[in-house]
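Secondary and tertiary structure notes
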Amino acid sequence: MHNAYSKLFLLIDGEWLSADGRDVSPVVNPATGETIGEVPHATRADLDAALASSQRAFKTWRNTSAYERAKVLRKTAELLRARSEDIATKLTLEQGKPLFEARYEVASSADYFEWFAEEGRRVYGRIVPPRNQAVHQLVRREPIGPVAAFAPWNFPAITPTRKIAAALAAGCSVIIKPGEECPATALEIARALHDAGLPPGVLNVVFGAPAEISEYLIASPVTRKVSFTGSVPVGRHLSVLAGQALKPITLELGGHAPALIFEDADLESAARILAAGKFRGTGQICLSPTRILVQKPVHEKFLDLFAKATEGLKVGNGLDPKTQVGPISNQRRIDAVSDLISDATARGARIVTGGQRIAGPGLFWQPTILADIPTAAKVMHEEPFGPLALVLPFDTIDDALEESNRLPYGLAAYAFTESARTAIRVGKELDAGMIGINHTQMIVCELPFGGVKDSGHGSEGGAEGIQSYLTTKFISQV
Ligand code: NAD
């Protein structure tokens, strides 16, 4: 065990429940292969206790004023900032990303808690002029009820936070199942909420076999709303379960983001920004720019600059301050990336740089760029979710837009251009929920985060983020 890593628990009805008497699964540091912890799996009785406590807590939390709820959320933000170094270290140990990214993630989570603390105070209803003056017509926005939330392992702080902060601000209670691979970070967020005075049961944290837990929680009559971040196939499955139970679901699923480099772009800046953006989180980010489409006259020059910027990235253990790219987080993604590269090269794609696993006990992979990729290659259809960029040429803006919108994904898209006319056109015509022009930094609490098409529906930040945890009621009184 690493001494900076903590013992892992379930949090049910305000009690920290240890692994004693429960099944466990190992938590492995992807940079070293070392087992650093054991995460307890919730039993059926634990899930029943979590549901009962979530139902009880909802009754009091919904009737706690938004002003009081905001105090707890703001205090949570303060505690997260004060504990940032400790939480970021745990995050790096279990997820692998460099410490500077982990610190950014913790800081960003604190921002989300503050943002939603204030958004909760701006949930307004309205009074509608009546047809008959004796009638008083009131439209109320009310918390939807207990939420079942499922968060992944790639952003172990931000993904649970976006769900928890918005739901709690709205007055909902939450049962969250974070990723089993990265449990300590989510537990630290829960601990900050607990220490900030969140009443028992308003947030329950469970771990276990994902499919069993989601099926049970979604079907329970206690649950009124579902939220999931993860892959398209799992999102589709949970959407069916939620549909059968007639419960609304917010889905933030995968992406295969295009990045369009027009001939008038600042190529050096685009190459630098895309190398940092692509290999951030070792490419295990749903927003990651993947299909880099470059206008033909500047294709070779850009490829050269992009390869140089990529080769300059330092791969290593995230705890090393010099590291810019950490390990891949789990063996599943190593296998998937390796398979996508073999398939593409077998079909004629060229490896511009990288392409190999780096020897050692950890799960390190060279940042990889492919060129001359035929459309039939699997990687042109499947999200690589790893350190793999594809560079492809295009002739006209119409061609670039057609290729960009070809896939069923629609999460993020990027364009690099100095032309306002081009920027406006791509902003309008790219099928994506989030579009970055001349940059890739899109995760900010005050902006809505979410996709279209197979990338999901609903928004998790901005003024929109709280809406999915609210329902509308009208009261008409004579
Ligand atoms: P996966 O499809 O096995 O799992 C994706 C996530 O869903 C994991 O966190 C997993 O614990 C959870 N999950 C799986 N089955 C579940 C179920 N039945 N109920 C509830 N949760 C369930 O894939 P993976 O190998 O863990 O991750 C890689 C894929 O996931 C990538 O292709 C990527 O598209 C996607 N992903 C997307 C995001 C995102 O931010 N949108 C985050 C992580 C993973």
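Computed from a prediction, not measured in an experiment: that's the story for all the values here. (Residues numbered from 1 in each chain as written. Predicted model: local features only at pLDDT ≥ 70, side-chain atom pairs only at ≥ 80, totals over all residues. Heavy atoms only, no water.)

1. Some points on helix 3 (residues 84–95)
The end-to-end C-alpha distance of helix 3 is 16 Å, a good match for the 16 Å that 12 residues give at a rise of 1.5 Å each. The element helix 3 is extensively covered by neighbouring structure, given that 10 of its 12 residues are classed as buried. For helix 3, the full list of buried residues reads Ser 84, Ile 87, Ala 88, Thr 89, Lys 90, Leu 91, Thr 92, Leu 93, Glu 94 and Gln 95. Immediately beyond the C-terminal end of helix 3, within one or two residues, lies Gly 96, with a positive phi of roughly 105 degrees. (Helix = DSSP H or I, 4+ residues; strand = E, 2+ residues; numbered from the N terminus. Expected span 1.5 Å × (residues − 1). Buried < 20%, exposed > 50% of the residue type's maximum accessible area, 1.4 Å probe, protein only.)

2. Things to note about the nonpolar core
Core analysis: the biggest nonpolar cluster contains 118 residues, and Ile 261, Leu 287, Ile 292, Phe 302 and Phe 306 have the highest contact counts within it. Residues from two domains meet in this core; each of domain 1 (10–253 + 454–477) and domain 2 (257–444) gives at least three. Filtering out sequence-adjacent residues up to four positions away, Phe 302 remains in contact with Ile 261, Leu 267, Ala 270, Ala 271, Leu 274, Ile 292 and Val 294. The next biggest cluster of nonpolar side chains, apart from the first, holds 29 residues, and it includes Leu 363, Ala 377, Ala 400 and Val 426. (Core = buried A, V, L, I, M, F, W, Y, C linked by side-chain atoms within 4.5 Å. Domains from an automatic or database assignment. Contact = heavy atoms within 4.5 Å.)

3. Quick look at the domain arrangement of the protein chain
When the domains of the protein chain are assigned, the result is domain 1 (10–253 + 454–477) and domain 2 (257–444). Placing a centre on the C-alpha atoms of domain 1 and another on those of domain 2 gives a separation of 31 Å. Contact residues are listed per partner, giving 28 residues for domain 1 and 29 residues for domain 2. Summed over both sides, the interface of domain 1 with domain 2 buries roughly 2200 Å², with 57% coming from carbon and sulfur. In this structure, the salt-bridge partner of Glu 181 is Arg 332, at a minimum N-O distance of 2.9 Å. With 6 residues, the single largest contributor to the side of domain 1 that touches domain 2 is helix 4 (residues 99–120). Split by residue class, the side of domain 1 that touches domain 2 holds 13 nonpolar, 9 polar and 6 charged. (Buried area = accessible area lost by both parts, 1.4 Å probe. Salt bridge = Lys/Arg side-chain N within 4 Å of Asp/Glu carboxyl O. Nonpolar A, V, L, I, M, F, W, Y, C, P; charged D, E, K, R; others polar.)

4. A closer look at the site of the ligand
Around the ligand, the structure places 20 residues, and the nearest of them are Trp 153, Ser 214, Ser 231, Arg 332 and Glu 383. Gly 230 is positioned such that a nitrogen or oxygen atom in its backbone is 3.4 Å from a nitrogen atom of the ligand. A distance of 2.2 Å separates an oxygen atom of the ligand from a polar side-chain atom of Glu 383. Protein contact buries 86% of the 800 Å² of open area that the ligand shows by itself. The element best represented in the shell around the ligand is helix 7 (residues 210–219), accounting for 3 residues. When the residues that make up the shell around the ligand are grouped by side-chain class, the tally is 10 nonpolar, 6 polar and 4 charged. (Near = heavy atom within 4 Å. Polar contact = N/O pair within 3.5 Å; in protein donor to acceptor, adjacent residues only side chain to side chain. Areas by Shrake-Rupley, 256 points an atom, 1.4 Å probe, with all protein chains shown as cover.)

5. Brief notes about the packing of helix 2 (residues 66–82) against helix 6 (residues 183–195)
The contact between helix 2 and helix 6 brings their axes to 8 Å, and the two run at 125 degrees. Regarding the angle of helix 2 to helix 6, the classification is oblique. Crossing handedness for the pair helix 2 and helix 6: right-handed. Within the contact between the two elements, helix 2 uses Val 72, Leu 73, Thr 76, Leu 79 and Leu 80 and helix 6 uses Glu 188, Ile 189, Ala 192, Leu 193 and Asp 195. When the residues that make up the contact of helix 2 with helix 6 are grouped by side-chain class, the tally is 7 nonpolar, 1 polar and 2 charged. (Axes fitted to C-alpha atoms, helices over the stretch in contact; angles between N-to-C directions. Parallel < 35°, antiparallel > 145°, perpendicular 65-115°, else oblique. Left-handed = near helix turned anticlockwise from the far one by under 90°.)

6. Here's the deal with the sheet that holds strand 22 (residues 470–477)
Where strands meet in a sheet, backbone hydrogen bonds hold them as pairs that are either parallel or antiparallel. Taken together, 3 strands build an open sheet; the order of strands is 5-6-22 and the sheet is antiparallel. The open sheet terminates on both sides in strands that have one partner only, identified here as strand 5 (126–127) and strand 22. Sheet topology places strand 6 (residues 136–143) next to strand 22; 8 bridges connect them, and they run antiparallel. Along strand 22, the bridge assignment pairs Leu 138 with Ile 475. (Pairing = 2+ DSSP bridges.)

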